[in-house]
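# Breakdown of the fold
If you want the building blocks of each chain, they are given just below.
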Amino acid sequence: MPNTFIKIASVTVGSGGASSIDFSSIPSTYTDLVVKLSYRTTDATNTATLISNFNNDTAGNYNNRFLFGTGSSTGSGNYTSNGSNYHGYGNISTTTASTFANAEIYIPNYAGSAFKSSSADNVSENNATAANATLSANIWNSTSAINRVTLGVYAQNFAQYSTATLYGIKNS
Amino acid sequence: MTTAIEVNCATGEVVERPLTAEELAQREADAAAFAAAEHEKEVAAAEAAVAKAALLAKLGITEDEAKLLLA
């Protein structure tokens, strides 16, 4: 049972925003990876859909399943042959100032030779009674070891002070 | 200018770089696809609402009464 969190890298988005946050040359010496993310976007009009990609693969090699709640409704869905992992909705620029969505993406056996699963929880925050919460399960149809994780918000930009930290987990 | 942040986990180096023309084109395509998908969802929801209202009218019951039937 993996029981240690070791910070591999962390980044905070600067004043210009960023379309993506990319962790490359990830060492293969851990059993699992975890990404913890605090974010909002610079876009006022669309939903902020958090996505991730492995090894720069943006082809239709991902399958996604998810459950969500909005505070007033619930639902579920799936995407097949998608171009990324799907993690649900976060904060946009019109949500309450200085509030950030939170997400955690867990990637077990990232250096193994089987297809790569990942799971994530993702919750928006608006200092209000309603919030989007999404649990997602994804699989990347590749046997390659994951050495690169790219985070993005579909067709939007991460806003200043968004942060992402990559942890490695192992049992010793 | 739209930028991407790249962190090299082996060296710790962090680079913030402008997107390439190809990446910018892809983002525009993504945004267009997203807008189209959202529009499609709105149209589907509106059509479902119209169909639901028509069915309720045909049955001569309210939405709350329909919920009672399914409870």
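Residues numbered from 1 in each chain as written. Chains lettered and ligands numbered in written order. Predicted model: local features only at pLDDT ≥ 70, side-chain atom pairs only at ≥ 80, totals over all residues.

Judged by pairing direction, the sheet is mixed, and its six strands sit side by side in the order β7(A)-β4(A)-β11(A)-β2(A)-β1(B)-β2(B) without closing on themselves. Across the chains shown, the open sheet's two edge strands, defined by having one partner strand only, are β7 (85-89) of chain A together with β2 (14-18) of chain B. The mean angle between the axes of side-by-side strands here comes to 20°, regardless of whether they run parallel or antiparallel. The sheet contact formed by strand β1 (residues 3-8) of chain B and β2 of chain B spans five bridges and is antiparallel. Opposite V7 of chain B, over in β2 of chain B, you have V14 of chain B as the bridge partner. (Pairing = 2+ DSSP bridges. Helix = DSSP H or I, 4+ residues; strand = E, 2+ residues; numbered from the N terminus. Axes fitted to C-alpha atoms, helices over the stretch in contact; angles between N-to-C directions.)

This part is about unusual backbone geometry. Residue and element names in this part refer to chain A. Although it is not a glycine, N56 adopts a positive phi angle of roughly 65°. Its location among the elements puts N56 in the loop between β4 (49-54) and β5 (62-69). The exposure class of N56 is exposed, given the 11 C-beta atoms found within 10 Å. A positive phi is found at N127, a non-glycine position, where the angle reads about 50°. Counting through the fold element by element, N127 comes out in the loop between β9 (116-123) and β10 (133-140). Since 10 C-beta atoms lie within 10 Å of it, N127 is described here as exposed. (Buried ≥ 20, exposed ≤ 12 C-beta atoms within 10 Å, placed from the backbone.)

On to the nonpolar core. Among the nonpolar cores identified, the biggest contains 40 residues, and I21, L33, V35, V149, F158 and L166 of chain A are the most heavily contacted of them. In this structure, F158 of chain A is in contact with V13, G17, A18, I21, Y39, T41 and V153 of chain A, ignoring residues within four places of it in sequence. (Core = buried A, V, L, I, M, F, W, Y, C linked by C-beta atoms within 7 Å. Contact = placed C-beta atoms within 7 Å.)

A word on the confidence of the model for chain B. Residues and elements named next belong to chain B. Of the residues in chain B, 100% have a pLDDT of 70 or more, and the chain-wide mean is 89. Averaged over each element, pLDDT in chain B is lowest for helix α1 (residues 21-59) (87) and highest for β1 (95). If you check the scores for this complex, the pTM reads 0.86 and the ipTM reads 0.89. (pLDDT = per-residue confidence, 0-100.)

The next subject is the environment of H87 of chain A. Residue and element names in this part refer to chain A. Looking at the secondary structure, you find H87 in strand β7. Taking the C-alpha atoms as reference points, H87 and F66, 21 residues apart in sequence, are found 7.7 Å from one another. Other than its neighbours up to four places away in sequence, H87 contacts L50, I51, S52, A103, I105, A120, N122, T134 and S136.

Another aspect to go through is the interface of chain A and chain B. Opposite the 21 residues of chain A that make contact, chain B presents 18 residues. Within the residue set of the side of chain A that touches chain B, elements represented by two or more residues are β1 (4-12) and β2 (20-24) of chain A. Looking at the side of chain A that touches chain B, the element that brings in the most residues is β2 of chain A, giving five residues. Looking at the side of chain A that touches chain B, its residues break down into 12 nonpolar, eight polar and one charged. Judged from the five bridges that link them, β2 of chain A and β1 of chain B form a sheet pairing that is parallel. Along β1 of chain B, the bridge assignment pairs S24 of chain A with N8 of chain B. (Nonpolar A, V, L, I, M, F, W, Y, C, P; charged D, E, K, R; others polar.)

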